[in-house]
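This is what each chain is made of:
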Amino acid sequence: MSQRIAAKVLANLLLAACAACALSAAAADDLLAPEQAFEFSARLVEPGLVEVRYRIANGYYMYRDKFRFTAIPQSAGLGEARFPPGKVKEDEFFGRVETYRGELVIRLPVKSGGGFTLKAVSQGCADVGVCYIPVTQTARLAPARSSGEALKFQAKASDLLLQSQDAGLSR
Amino acid sequence: MNRTGGIALLALAAGLALAGGLWLYPWSGSAKPDSGSVVPLMAASLPDMEGRLQPLAQWQGKVMVVNFWATWCKPCLEEIPEFVRMQEKLGDQGLQFVGIAVDNAVKVREFSVKYHINYPILIGEIDAIELARAAGNELGGLPFTVILDRKGRLIGTELGGLNEQKLTPRIQPAL
């Protein structure tokens, strides 16, 4: 009888320990570094248009209102960023918020025909309940030179057209 | 297999699972007692909401719970009411919460009033995250909490949200 009770106690311990394992697996230990969670790239896809791309890892999201883009030098003349529609929700603390998951492409018009450095500030969080401080990433942008690059450029530009139509519907 | 053998096997399995759980647990972002240094934190002075410099070392002698947070960080805002309640309940026993806001003063002041924060809030701006990194928060995530005993020694850290239930057993032995 006492053996049966002991077995029961041990079985419960086993269950409790496994619950702890499961909790650990879902918690902050698996967190990615911000540059991996929010993988940034940017390039000039056509004269006067920058495409900024974030590959957002599964289980992470970014806030629309936290993006800031600047050009160095400022005289490069960065225009207003065009965002695709994100997920909008009413937050108990922040009111209306718009977030992105998965792949995010932001378009930035630019006046400069020459090269410049794009500085991008972004902020996001992980679903496990951890937020990253705003991250600043930079990309050196220059117009494409070779014909090969120009072709790549065209293919990318048509992708962008589709995106801009999507974005247009949301406004 | 006889019953004794079965129980022995079960005991071994339970032991291994518990050991595994205990081994994994620190990696959950909880209880990383030796992963960082609190020397930079305890040597730091940061402005309070009125702009007066406050050395962190002034609270040594109490059990300190130093919480890095920001008004733009939702999981940070969720845990603050728990801290307010615990400060109220255990402050007399020597528990001292200190908030370090990785944020600007205007927003922090607004939030502190709204949520009746009853413990000191220091304005760290973005640079304060370096104190958190030194204390073991390599990724610079928020919220991040550092627990120190009365001698200013690191008891544990937590990356991610805390609540009274999770925090109490970790501070109780030091009180």
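What counts as what
Residues numbered from 1 in each chain as written. Chains lettered and ligands numbered in written order. Predicted model: local features only at pLDDT ≥ 70, side-chain atom pairs only at ≥ 80, totals over all residues. Core = buried A, V, L, I, M, F, W, Y, C linked by C-beta atoms within 7 Å. Buried ≥ 20, exposed ≤ 12 C-beta atoms within 10 Å, placed from the backbone. Contact = placed C-beta atoms within 7 Å. Pairing = 2+ DSSP bridges. Helix = DSSP H or I, 4+ residues; strand = E, 2+ residues; numbered from the N terminus. Axes fitted to C-alpha atoms, helices over the stretch in contact; angles between N-to-C directions. Right-handed = clockwise from strand over helix to strand, strands pointing away. Expected span 1.5 Å × (residues − 1). Bend = angle between axes of the 7 residues up to and from the residue. pLDDT = per-residue confidence, 0-100.

**A short note on the nonpolar core**
Now for step 1: Ranked by internal contacts, the top residues of the largest apolar core, which has 79 residues, are B:L41, B:V98, B:I100, B:V102 and B:L142.
Now for step 2: The residues contacting B:V102, other than those within four sequence positions of it, are A:I133, B:F68, B:A70, B:G124, B:E125, B:I126, B:A128, B:I129 and B:L142.

**With respect to the sheet that holds strand β4 (residues 95–101) of chain B**
Residue and element names in this part refer to chain B.
Now for step 1: In space, the five strands of this open sheet follow the order β5-β4-β3-β7-β8, with mixed pairing throughout. Because the sheet does not close on itself, it has two edges, and the strands there are β5 (121–123) and β8 (154–159). On average, each strand axis in the sheet is inclined to that of its neighbour by 20 degrees, with strand direction left out of account.
Now for step 2: Pairing analysis gives seven bridges linking strand β3 (residues 63–69) to β4, with the strands arranged parallel. Counterpart to N67 in the pairing with β4 is G99.
Now for step 3: Strands β3 and β4 of the sheet are contacted by helix α3 (residues 74–90), whose axis makes an angle of about 150 degrees with β4.

**Here we look at the pairing of β3(B)**
All names here are of chain B.
Now for step 1: A large share of β3 lies buried, amounting to seven of its seven residues.
Now for step 2: Of the two faces of β3, the one lined by V63, V65, N67 and W69 and the one lined by M64, V66 and F68 are each fully buried.
Now for step 3: Each parallel crossover has a hand, and for β3 linked through α3 to β4 it is right-handed.
Now for step 4: Where β3 meets strand β7 (residues 144–148), five bridges bridge the pair, whose relative direction is antiparallel. From the neighbouring strand, V66 faces β7, where its bridge partner is V146.

**Describing α3(B)**
Now for step 1: With 17 residues, α3(B) should reach 24 Å at 1.5 Å per residue; the first-to-last C-alpha distance of 25 Å fits that figure.
Now for step 2: Taking the largest bend as the criterion, α3(B) deviates by roughly 25 degrees, centred on B:I80, and proline B:P81 comes between one and four positions later.
Now for step 3: Turning to α3(B), the residues buried within the fold contact β10 (130–132) of chain A together with β3, β4, β6 (141–142) and α6 (164–171) of chain B.

**Some points on the environment of B:G51**
All names here are of chain B.
Now for step 1: Its place among the elements puts G51 in the loop between β1 (45–47) and β2 (53–55).
Now for step 2: Judged by C-beta crowding, with 8 C-beta atoms within 10 Å, G51 ranks as exposed.
Now for step 3: The sequence separation of G51 and L122 amounts to 71 residues, and the corresponding C-alpha distance is 8.9 Å.

**Some remarks on the confidence of the model for chain B**
Now for step 1: Taken residue by residue, chain B gives an average pLDDT of 84. The fraction at 70 or more is 80%.
Now for step 2: In the predicted structure, residues 1–34 of chain B sits below a pLDDT of 50 and forms 54 contacts with residues beyond four places in sequence or in another chain.

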